[in-house]
Amino acid sequence: SAEEGSSLCYKCEPGSVASSPGSSQCELCNQGQYQPLKGMNECRVCEVGTWSLSGSSACEACDSGFFKNATSDPGDKCQGCEITKGYECPRNTTLATVKVKEGFWRHSENTIVLYECRSGGAGWTPCVGGRDAGDDGNGYCASGYEGAVCE
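Residues numbered from 1 in each chain as written. Predicted model: local features only at pLDDT ≥ 70, side-chain atom pairs only at ≥ 80, totals over all residues. Heavy atoms only, no water.

Colleague: Can you lay out the overall build of the protein for me, pointing to particular residues and giving the numbers?
Modeller: When its secondary structure is counted, the protein shows 0 helices and 13 strands. Along the protein, helices (α) and strands (β) appear in the sequence β-β-β-β-β-β-β-β-β-β-β-β-β when read from the amino end. Residues counted as buried form 34% of the 151 residues belonging to the protein. Summed over all atoms, the accessible surface of the protein reaches about 9,100 Å², with 47% contributed by carbon and sulfur. (Helix = DSSP H or I, 4+ residues; strand = E, 2+ residues; numbered from the N terminus. Buried < 20%, exposed > 50% of the residue type's maximum accessible area, 1.4 Å probe, protein only. Areas by Shrake-Rupley, 256 points an atom, 1.4 Å probe, with all protein chains shown as cover.)

Structure (structure tokens):
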């Protein structure tokens, strides 16, 4: 892009593009798009299962319905999140932040293995779900309940 008042051109940084050749401004790529290279005029769309914030040079986060095992491993791929299995995966979910649904329990934030809890009268369950496993999974339990499947 050309700098206003100058005949010199400069290349847009990664995560941004010039909308037309000779444009005086660079525009950030939208959410869900990226541009890894300098000096480009078109943003790329993130692969299915991945997501990016506005102005990104890569799609490093997972889209809704997907999760990653870790946040720091660049080789870690987004995996499908099976909502029917007792957990939900909002955008940018990792294994540690998977949202466990009410009625389910997991031992720690390091496992995707869930256990269905027992139900009481009127469908009540001592497993409240959530994102915080706490100590040995107790973070998923209602007050007064603890341990495996909140007993």
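Colleague: Explain the side chain of Gln-35 to me, using residue names and the numbers behind them.
Modeller: Along the chain, Gln-35 falls in the loop between strand 3 (33-34) and strand 4 (44-45). At 2.7 Å, the side chain of Gln-35 forms a polar contact with the backbone oxygen of Glu-42. In this structure Gln-35 touches Pro-14, Gly-15, Ser-16, Val-17, Cys-29, Met-40, Glu-42, Cys-43, Arg-44, Ser-56 and Ser-57, once residues within four positions along its chain are discounted. (Polar contact = N/O pair within 3.5 Å; in protein donor to acceptor, adjacent residues only side chain to side chain. Contact = heavy atoms within 4.5 Å.)

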